[in-house]
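Close look at the chain arrangement
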Amino acid sequence: MQNQRTTTEWRELDAAHHLHPFTDTNSLNQQGARVITKAEGIYLYDSEGNKILDGMAGLWCVNIGYGRKDLPEVAKQQMEQLAYYNTFFKTTHPAVVELSHLLSEVAPEGFKHVFYTNSGSESVDTMIRMVRRYWDVKGKKDKKTLIGRWNGYHGSTIGGASLGGMTYMHEQGDLPIPGIVHVEQPWWYKHGKDMTPEEFGLAAAKWVEDKILEVGADKVAAFVGEPIQGAGGVIVPPSTYWPEIQRICQKYDILLVADEVICGFGRTGEWFGQQVFGFKPDIFTTAKGLSSGYQPIGAVFVNDKVATTLAAGGDFNHGFTYSGHPVAAAVAHANVKALRDEGIVDRVKNDTGPYMQKRWREVFSQFEHVDDVRGVGLIQAFTLVKNKATRELFPDFGEIGTMCRDIFFKNNLIMRACGDHIVSAPPLVISKEEIDQMLETAAKCMVEFEKQLKERGLV
Ligand SMILES: Cc1ncc(COP(=O)(O)O)c(CNc2cccc(C(=O)O)c2)c1O
């Protein structure tokens, strides 16, 4: 059991020893971290006894909800049976075999092989190495360049951060690494001008073709994108975008990669985001919902064409100590099996997802400084705007988003501000009643937010 300490004691020890990710340490240590002590369903509880509605499923990952009793039991049994052995050197173990078999059943048709990692970033770095190895084996050694999107997010390793289009990350570490280039994101609200979304989807896809021709198709290895950009602010591309990207990649013999770390395992109501938009990548990366965050694990799915080619190349010199870790694999297996056999993904597709999307639009479209209300399944967002009629955004993109998010936090509701996009991705087990509770609280927060906008002379 955890030491029983006061919040102050936990905060002081945390400040003395713990470096947090994506954090201004001095600023955090002035105010002290919020100490989350337990969680159940869609709710978190902190050391002060507050009950917090987690509209973000942790970091987009706790698809199955908090407080499951089965997953800890599976972890315990696996740990007692075989806490660890590696999958190098011609060995395997039942947990990773069973998981691999199950994943081949829930994956879209044509994906029968997975490579295991410990995170989404490691899945992305694995994909980068696979893509370049694929073209080596095919004898096209100049095909090395990967194309990503500005404001895309693919993790925080050197490869993932380079492939992502977050310039504030590139500035720290002299990124991107060579062989990675970016095109503009398919954000209709900002870039669509007088085009319909459908027209804009084709125009945004053409940016990829232009980049391929600029680099030289004989040098381009892959195009990589999230079906829906998550950390970039839930940028939902027009329906015409992905099928056109697929056509362009086929035209120039370029691998198509979907980063499904957020969209995967039921988030959109389909098992994978690629199925919402009707495209078939050659490779897709996953993590998060694979284990619902109960254990760190990621997986890279490759289609038969890629699997066969990599195998033809003999040793693929890549892997991690914990690739296919027995406890992580056992927990992921139980998690995916429950997502399927308890009908959780189906309910997102047919019941709670449509309900959320209907109510989310009803509630937020009524506000003067909210526009582009959007989403699918249980991933949704809206953008805070200065003037709806002209699609004018606020200056200093992100300031207003933080102000709005802080009002939600004060009301014990976790939503995420990505710039001036307010986003939400709750556990997939959220009920319709809990959706109503969440949106009732959020609506009150938005009234307060628009009141503060006026009081501060920001509108
Ligand atoms: C699409 C995508 N690809 C890769 C990663 C990296 O996964 P790991 O973190 O497990 O290495 C992600 C992760 N996405 C992520 C991670 C942490 C915070 C936030 C946020 O929105 O604040 C988003 C992601 O969203």
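The structure contained in this document is the topic of the report that follows. (Residues numbered from 1 in each chain as written. Predicted model: local features only at pLDDT ≥ 70, side-chain atom pairs only at ≥ 80, totals over all residues. Heavy atoms only, no water.)

**Structural notes on the sheet that holds strand S10 (residues 298–303)**
Within the open sheet, the seven strands sit side by side as S4-S10-S9-S8-S7-S5-S6. Their pairing is mixed. Whereas interior strands pair on both sides, the edge strands pair on one side only; in this sheet they are strand S4 (111–117) and strand S6 (180–183). Ignoring strand direction, the axes of neighbouring strands in this sheet form an average angle of 25°. Pairing geometry for S4 and S10, over six bridges, is antiparallel. Counterpart to Thr117 in the pairing with S10 is Gly298. (Pairing = 2+ DSSP bridges. Helix = DSSP H or I, 4+ residues; strand = E, 2+ residues; numbered from the N terminus. Axes fitted to C-alpha atoms, helices over the stretch in contact; angles between N-to-C directions.)

**Focus on the pattern of salt bridges**
Oppositely charged side chains can pair when the atoms bearing their charge come close. Within the structure shown, the criterion is met by 26 salt bridges. Residue Asp70 is joined to Arg68 by a salt bridge in which the shortest nitrogen-to-oxygen separation is 2.7 Å. As a salt-bridge pair, Arg340 and Asp341 come within 2.8 Å of each other at their nearest N and O atoms. Taking relative accessible area as the criterion, Asp341 reaches 46% and is therefore assigned partly exposed. The structure contains a network of salt bridges with shared partners spanning Glu105, Lys337, Arg340 and Asp341. (Salt bridge = Lys/Arg side-chain N within 4 Å of Asp/Glu carboxyl O. Buried < 20%, exposed > 50% of the residue type's maximum accessible area, 1.4 Å probe, protein only.)

**Quick word on the packing of aromatic side chains**
This structure, assessed with the given rule, holds 20 aromatic pairs. Centre to centre, the rings of Trp188 and Tyr189 are 6.4 Å apart; their planes meet at 75°, and the pair counts as edge-to-face. Looking at Tyr189, the relative accessible area reads 4%, which means it is buried. Arranged with centres 5.7 Å apart and planes meeting at 75°, the rings of Phe200 and Trp207 form a pair that is edge-to-face. Its relative accessible area of 0% is what places Phe200 among the buried residues. Positioned over the ring face of Trp135 is Lys143, at 4.6 Å from the centre of the ring. Directly above the ring of Tyr189 sits Arg391, whose terminal nitrogen or CZ lies 5.6 Å from the centroid. (Phe/Tyr/Trp six-rings, centres within 6.5 Å; stacked < 30°, edge-to-face > 60°. Lys NZ or Arg CZ within 6 Å of the ring centre and 35° of its normal.)

**Here we look at the site of the ligand**
Surrounding the ligand, one finds 15 residues, the nearest of these being Trp60, Gly120, Ser121, Asp259 and Arg416. Interatomic distance of 2.7 Å between a side-chain N/O atom of Arg416 and an oxygen atom of the ligand. Protein chains bury 84% of the 540 Å² of accessible surface belonging to the ligand in isolation. Listed by contribution, the elements that provide at least two residues to the shell around the ligand are helix H3 (57–60) and helix H6 (120–137). (Near = heavy atom within 4 Å. Polar contact = N/O pair within 3.5 Å; in protein donor to acceptor, adjacent residues only side chain to side chain. Areas by Shrake-Rupley, 256 points an atom, 1.4 Å probe, with all protein chains shown as cover.)

**Here we look at helix H13 (residues 304–312)**
Looking only at H13, the buried set comprises Val306, Ala307, Thr309 and Leu310. Buried residues belonging to H13 abut S4, H6, strand S8 (255–259), strand S9 (283–286) and S10. At the C-terminal side of H13, Gly314 shows a positive phi close to 75°. (Contact = heavy atoms within 4.5 Å.)

**Comments concerning the layout of surface pockets**
Computed from the structure, the second largest pocket encloses a volume of approximately 940 Å³. If you go around the second largest pocket, you meet 26 residues; those closest to its centre are Thr87, Val114, Phe115, Phe316 and His318. Residue assignment for the lining of the second largest pocket shows that the elements contributing at least two residues are helix H5 (94–106), S4 and H13. A breakdown of the residues in the lining of the second largest pocket according to their chemical character gives twelve nonpolar, eleven polar and three charged. (1 Å grid on protein atoms, 1.4 Å probe; cavity = no way out; pocket = protein on both sides within 12 Å on 5 of 7 lines; lining within 4 Å. Points joined across faces, edges and corners; volume = space filled by probe spheres on them. Nonpolar A, V, L, I, M, F, W, Y, C, P; charged D, E, K, R; others polar.)

**A word on a nonpolar patch on the surface**
A contiguous nonpolar patch, built from Tyr84, Tyr85 and Tyr322 and spanning about 310 Å² of accessible area, is present on the exposed surface. For Tyr84, the position within the fold is in the loop between helix H4 (70–82) and H5. (Patch = residues over 30% accessible without salt bridge, like charges linked within 9 Å, V, L, I, M, F, W, Y side chains within 5 Å.)

**A word on the packing of H6 against H13**
A pair of packed helices can be characterised by two numbers: the angle between their axes and the separation between those axes. Interhelical geometry of H6 versus H13 gives an angle of 65° and a closest axis separation of 9 Å. The angle between H6 and H13 places the two elements in the roughly perpendicular class. When the axes of H6 and H13 are compared, the crossing they make is left-handed. When H6 is examined against H13, the residues Met130, Arg133, Tyr134 and Val137 are found in contact with a partner set consisting of Lys305, Val306, Thr309, Leu310 and Ala312. (Parallel < 35°, antiparallel > 145°, perpendicular 65-115°, else oblique. Left-handed = near helix turned anticlockwise from the far one by under 90°.)

**Quick look at unusual backbone geometry**
Across the junction of Leu175 and Pro176, the peptide omega takes the value 5°, indicating a cis bond. Relative to the helices and strands, Pro176 is located in the loop between helix H8 (167–170) and S6. For Ala57, which is not a glycine, the phi torsion comes out positive at approximately 50°. Since its relative accessible area comes to 0%, Ala57 is described here as buried. At Lys288, a residue that is not glycine, the phi angle is positive and equals roughly 30°. Topologically, Lys288 is positioned in the loop between S9 and S10. On the accessibility criterion, Lys288 (23% relative accessible area) is partly exposed.

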